[in-house]
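Chain and residue survey
Residue strings, one per chain:
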Amino acid sequence: SRDLVRVLDIGSRNPFTIRLEEKYNIAVANTEGDLDVIELEGKFDTIFCLEVIEHLMNPLWLLNQIHEILEPDGILFLSTPKHKPHFLWDIHHFTELDDYRLDFLFKREGFKIVRKKFFRTMPLWWHLTGFRPFLRFFFNKGRIVELRKS
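What this report covers is the structure whose coordinates are included nearby. (Residues numbered from 1 in each chain as written. Predicted model: local features only at pLDDT ≥ 70, side-chain atom pairs only at ≥ 80, totals over all residues. Heavy atoms only, no water.)

**A short note on the nonpolar core**
Core analysis: the largest hydrophobic core is formed by 25 residues, its most contacted members being Ile-10, Ile-47, Cys-49, Leu-62, Ile-66 and Leu-76. Going through the elements one at a time, strand E3 (44–50), helix H2 (59–69), strand E4 (70–81), helix H3 (99–108) and strand E6 (141–149) are the ones with two or more residues in this core. Sorting elements by how many residues they give to this core places H2 first, with five residues. Contact partners of Leu-62, with chain neighbours within four places excluded, come to Ile-10, Leu-35, Leu-40, Cys-49, Val-52, Ile-53 and Leu-56. (Core = buried A, V, L, I, M, F, W, Y, C linked by side-chain atoms within 4.5 Å. Buried < 20%, exposed > 50% of the residue type's maximum accessible area, 1.4 Å probe, protein only. Helix = DSSP H or I, 4+ residues; strand = E, 2+ residues; numbered from the N terminus. Contact = heavy atoms within 4.5 Å.)

**What to know about the packing of aromatic side chains**
What the rule picks out here adds up to four aromatic pairs. Where Phe-134 meets Phe-138, the ring centres are 5.4 Å apart and the plane angle is 85°; that geometry is what we call edge-to-face. Here Phe-134 pairs with Phe-138, and both are found in helix H4 (residues 131–139), just four residues apart, close to one helical turn. Exposure remark for Phe-134: the relative accessible area of 39% places this residue in the partly exposed category. Ring centres 5.2 Å apart and planes at 85° place the aromatic pair Phe-137 and Phe-138 in the edge-to-face group. (Phe/Tyr/Trp six-rings, centres within 6.5 Å; stacked < 30°, edge-to-face > 60°.)

Structure follows, in structure tokens:
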């Protein structure tokens, strides 16, 4: 088990941030500003980046910034939707990467994949509410990846 000491949750404070703080009795830092251009500061043992990079025009920049502030042997937990046909993308998504391209970005920035899991993002009944939701049954999956700074 890894101790959560210096933790960063990429993005604004949210219910996940609060739950982490309460469960582990820790203070969790958050980021402020445009993640496509800001430079991240500090040093962290564990970083969470959940459902963020698909909203960025330049996810490589954020991964570079995370690599810079993550301590040696630090852990990054990152989640993002699995790539699907463009007409099914959320209107706020700029990049939905397939496994090959996402894994390439991780490797390029010096991260090693520890494990990767896929999960459904909506309950099964939701897929019966229309044609697009029905199509998303086949394509709409999330993925969470545990990465270690190498």
